[in-house]
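Summary of the model geometry
Now for the letters of each chain:
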Amino acid sequence: MPEFVAPHRAGRPAARFWALVLAGLVVAPALTGCIANTTPESSASLLTAPSLSASVPATSSPLETTQSSNKAPVYWLGRTGNGVFLYREFRDVPEQENPVTRALRAMMADKPLDADFFTPWQNPSKLATSISGKDTITVDLSEDAFNSNLDADTALRAVQQLVYTATAAAASSGLIDSGQQIRVRILVDGHTDYMAFGQVQLGALMTRMPGLSAPVWIIDPQENVDLAPGSVKITGRSTVAGGKLRWQILRTATNGTTSAFLTGETTAAADTGGAGLFSLSLTLPVGEYEAKIAQLGPDDQVDRNEETRFFSVK
């Protein structure tokens, strides 16, 4: 079992690019069908981690709403100055499988677009999902998905990475009403009580754990996209509704040096309909850019939870 080390969110050079080797990837045919389990159980999660209360701030992560796009919401892990959090990307995925299955397969088999993000999951040889009632997703996957050696905190976050991705895919595709709490049961080869990564007991119904969503992330543009010159819109979400954020746009010169091009502050929406959302409308000429956005703490000091995004204007 390989030892897994989470990369640090540092500078842009190639050294940032994480080097986990995904071994034994198997492309499996789509699996369908409902998975039944009649064992009574509590809706409380069995997930525990000794240092969780000390390392995770009390932030929230609202469930995704239905969207018309065919892109799948996929969550990844990413390290900031204050710990490891969950970040979301929207990915193009094949349409042979249902929305939840294909989002989870992308999470386990693909690499993140942003080199700051990573995933400890392996591509499983078997993966099936089903939805029962109005609020329960069942995921049944093979044991080879867990072939990484993780500490307790990272294993906890990896399991929540699956829970976040499954619930996001179900809600954004309209399969489940996003106005209610969605629960996820994870089976391994059809059985309950598996110890994920040797650290986290599965089988009970789980929900999103608060505090694991990244304090701030950029929704659009995604990493390394090309945008048209002129008006450029940058959107994102902060977990502090109504909180202040400081942003900076760096421009890369032809000689490779970077310098500040624009700076400013904005405020995340406080209303319940779009709490935490923020948007910037900028005029940018042709060039290579990096956007940096961070929450402002007490006395308007920038905290260590900064999100970055590289893009080009052509």
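The paragraphs below set out a description of the structure included in this document. Note that the coordinates shown come from a computational prediction; the quantities given were computed from them, not determined experimentally.

1. Some thoughts on the overall build of the protein
Across its full length, the protein holds 3 helices and 16 strands. Put simply, the protein has 314 residues, and 50% of those count as buried. Residue pairs at least 24 apart in sequence account for 70% of intrachain contacts in the protein once pairs closer than 6 positions are excluded.

2. Section: the sheet that holds strand 3 (residues 117-118)
Within the open sheet, the 3 strands sit side by side as 2-1-3. Their pairing is antiparallel. The open sheet terminates on both sides in strands that have one partner only, identified here as strand 2 (83-91) and strand 3. Across 2 bridges, strand 1 (residues 72-80) lies against strand 3 in antiparallel orientation. Opposite G78, over in strand 3, you have F117 as the bridge partner. The strands touched by helix 3 (residues 152-172) within the sheet are strand 1 and strand 2, with strand 1 carrying the most contacts at an inclination of about 150°.

3. Overview of unusual backbone geometry
Here the amide bond leading from D220 into P221 is cis, since omega sits at 5°, within 30 degrees of zero. You can see P221 is positioned in the loop between strand 9 (216-220) and strand 10 (225-227). Of note, N224 is a non-glycine position whose phi angle comes to about 60°, a positive value. Relative to the assigned elements, N224 resides in the loop between strand 9 and strand 10. Taking the relative accessible area as the measure of exposure, N224 reaches 47% and is therefore partly exposed.

4. Let's talk about the packing of helix 2 (residues 99-109) against helix 3
At a minimum axis separation of 8 Å, helix 2 and helix 3 run at an interaxial angle of 145°. Every pair of crossing elements has a handedness; the one defined by helix 2 and helix 3 is right-handed. Note on element contacts: helix 3 touches helix 2 through Q161, L162, T165, A166, A169 and A170, opposite P99, V100, A103, L104, M107 and M108. Residues that form the contact of helix 2 with helix 3 fall into these classes: 10 nonpolar, 2 polar and no charged.

5. Brief notes about the packing of aromatic side chains
A full pass over the atoms with the stated rule returns 9 aromatic pairs. Aromatic side chains F146 and Y194 sit 5.0 Å apart centroid to centroid with 45° between the ring planes, which places their arrangement in the tilted category. Separated by 48 residues along the polypeptide, F146 in the loop between strand 5 (136-141) and helix 3 and Y194 in the loop between strand 6 (183-188) and strand 7 (195-196) bring together distant segments of the chain. Among the aromatic residues, those joined into a ring-pair cluster are W121, F146, Y194 and F197.

6. A word on the side chain of T129
Checked against the element boundaries, T129 lands in strand 4 (residues 127-132). Separated by 3.1 Å, the side chains of T129 and N98 make a polar contact. Looking at T129, its side chain comes within polar contact range of the side chain of T101, at 2.6 Å.

7. Focus on the pairing of strand 9
Most of strand 9 sits inside the fold, with 4 of its 5 residues counted as buried. Taken together, the 4 bridges between strand 9 and strand 11 (residues 230-238) define a ladder with antiparallel strand orientation. Along strand 11, the bridge assignment pairs I218 with G236.

Conventions adopted
Residues numbered from 1 in each chain as written. Predicted model: local features only at pLDDT ≥ 70, side-chain atom pairs only at ≥ 80, totals over all residues. Heavy atoms only, no water. Helix = DSSP H or I, 4+ residues; strand = E, 2+ residues; numbered from the N terminus. Buried < 20%, exposed > 50% of the residue type's maximum accessible area, 1.4 Å probe, protein only. Contact = heavy atoms within 4.5 Å. Pairing = 2+ DSSP bridges. Axes fitted to C-alpha atoms, helices over the stretch in contact; angles between N-to-C directions. Left-handed = near helix turned anticlockwise from the far one by under 90°. Nonpolar A, V, L, I, M, F, W, Y, C, P; charged D, E, K, R; others polar. Phe/Tyr/Trp six-rings, centres within 6.5 Å; stacked < 30°, edge-to-face > 60°. Polar contact = N/O pair within 3.5 Å; in protein donor to acceptor, adjacent residues only side chain to side chain.

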